[in-house]
Structures are given as C-alpha cells and as structure tokens.
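Residue strings, one per chain:
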Amino acid sequence: MPGAAASTNYATGTVALRFAGMNPLAAWQRGGHPPNDCPPGCSSYSIKQEFEGAVVFITGASGYIGSVVLEQLLRTTNVAKVHLLLRPRRGQTIQARADALLQGALFHKVRDSTKLLQKVQVVGGDISLPGLGLSAADRATLLSSVDYIVHCAADIRLEADIQETLTSNFEGTRSVLELAAAAGHLKGLVHVSSAFVNMNQPRSSTVDEQVYPLKYGTQVVDVEELAQELLTMPKCDANLRADILLRRWNFPNTYTMVRPSGQETLSIVDQPAC
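Residues numbered from 1 in each chain as written. Predicted model: local features only at pLDDT ≥ 70, side-chain atom pairs only at ≥ 80, totals over all residues. Heavy atoms only, no water.

Chemist: Can you walk me through unusual backbone geometry in this structure?
Modeler: The phi angle at L132 is positive, at roughly 65°, despite the residue not being glycine. Examined against the element boundaries, L132 turns out to sit in the loop between β5 (120-124) and α5 (136-145). At S204, a position not held by glycine, the phi torsion is positive, near 65°. Take S204: it is sitting in the loop between β7 (188-192) and β8 (215-216). (Helix = DSSP H or I, 4+ residues; strand = E, 2+ residues; numbered from the N terminus.)

Right under this line is the structure:
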C-alpha cells in the first residue's frame, strides 16, 4: 500500500495504520502520549482536532469496543459523519439495529441530540462476505468520502469451525484493507484485534512489539496460502487439519490461531511512509 506506514501493538492486537501527510491515530493505542513523529514544537496530540469534520467508517459498532468508539466520536469530537457497517439480524433491519444501539444506556449523553444522531449513517454489509457485502452504491460513497476506518468487527466465537473463523477474521480483515487501499483520501485505518494474539507463547513470557510468525520447524508459514488451503477443503477435512495445527502450535482454539494470521496480513503495510 504505497504511502502507508503502521504503528503496531502486537501484544494487545491493536494496529494503527497511517498514510502520508497525516498525524497517526497511534494516540489511541498509546494512552494519549504524543506520537513519535510529532512535528517539532508539538507537545500533545488532539483526537478532537484530528477528527474535526472527518468522515469515519466503523465495523463492529454493535460490539463492545465498536460501540464505545462510536459513542466517544459522537460525544467528544466534531466528526461530520459516521458510517456503520451492520447486517440485518433476528428480523431487524439495519436501521432498526442502529436505532436500538443509539438508544442504549451507553449513549445516554448523546441519544437525545438529534444533531448528533443525524451524523450516523448505516450501510448494509457483513465481514464474512466478499467485499464486506457492500452494495456498489455504498462502496462508492465510502471510497469517495471516508477519512478514517476503525475495524472492530470480528467473529469472537472461540470454537467455531475454522472456515467460518477464517472467513470473518482473515478474509474480512483483508477486505477492509482492500477498501482502505482503494479509498480516495483515507488518512488512517485502525484495526482492533485481540489481547489473545499470542496465546501460544509460553506462560509469563515477554511479548515483544513484533509479529510472531507461525512456523513449521524453522520455516515460516505462508498464512495466505494456509488460509486458502483450509478454506477450499471439505469442511470436515478443514476442521481436522485445524485440530492438528492447534496442537502443533499450542493454540487453545481456532479464534486464537486465526487472530495472529490477520495481524500478519496487516504487517504487509508496516513500512516507512513515502
């Protein structure tokens, strides 16, 4: 991804990607400390200033982290618009789901403000579908207008079939990256992963700020090749192969095995900005 760089916390699974000409969103993962590339004379980093008039696209806004991000953006910044990726569920339309979300207890400080609620726009989609399941019209809107993407969505079932986990958490992440790469004036992408990305490391070990690639002995595994192999196998064969890999790599479940693979995919943009 030309002109992109990444600031990554591999221990907790948070990745903040930034693009040439912008201040990074890394303050979200650094507890508010000024970024390393803060311009001379810069003493603080202002989330409020960074999001002034911005258009944001959030996946997973109905989940725990995503809903907090949405509430904070609406209440503490002057964003122009927030697009939410939602899918119909239990007979509810995406708009009905968004309305119910915004009237929840978490949003008690913003839910009575028509001005703030009007900033929220809902787009239909699903991270388990190709291209996030976006319609051509919604994709075009996002590509032409979005400044920031916050990817919080994931299948968090621990023991789901490997193909379902890969489809949402590996292929879904790649679809978000493809959308980001095609966006006309995107400034940054934040990928929220999991505190369990390094569950296979020895207990009480120190986890450094780096990707820990999966290996067969000393040979690094091509996670893209492995993912496609598992996705194209018959379901029973894929689950059997996954069980073998779980034991080999000391992962307790499919969720924790796939999460590092998603981060390894993101690491392809971990390069200096042009």
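Past the structure itself, the notes keep going.
Chemist: When you look at the packing of aromatic side chains in this model, what are you seeing that I'm missing?
Modeler: Each aromatic ring pair is characterised by the separation of its centres together with the angle its planes make. Under the defined criterion, the tally for this structure stands at two aromatic pairs. Aromatic side chains Y216 and W249 sit 5.6 Å apart centroid to centroid with 25° between the ring planes, which places their arrangement in the stacked category. Placement of the pair is Y216 in strand β8 and W249 in helix α8 (residues 235-249), with a sequence separation of 33 residues. Its relative accessible area of 28% is what places Y216 among the partly exposed residues. (Phe/Tyr/Trp six-rings, centres within 6.5 Å; stacked < 30°, edge-to-face > 60°. Buried < 20%, exposed > 50% of the residue type's maximum accessible area, 1.4 Å probe, protein only.)

Chemist: Would you take a moment to explain the pattern of salt bridges for this structure?
Modeler: Side chains bearing opposite charge may pair, as long as their charged atoms lie close to each other. The tally for this structure, following the rule as stated, stands at eight salt bridges. With a shortest N-O distance of 2.7 Å, R174 and E171 are connected by a salt bridge. You can see R174 and its partner E171 sitting in helix α6 (residues 162-182), three residues apart, about one turn around the helix. Close ionic contact of R174 with E224 constitutes a salt bridge, the shortest N to O distance being 2.5 Å. In this pair, R174 sits in helix α6 while E224 sits in helix α7 (residues 223-232), placing the two residues 50 residues apart along the sequence. Residue class for R174 comes out partly exposed when judged on its relative accessible area of 22%. For E224, a relative accessible area of 28% corresponds to the partly exposed category. Beyond isolated ion pairs, a larger network of salt bridges with shared partners links D155, R157 and E164. (Salt bridge = Lys/Arg side-chain N within 4 Å of Asp/Glu carboxyl O.)

Geometric descriptors of this kind do not, in isolation, establish any biological role.
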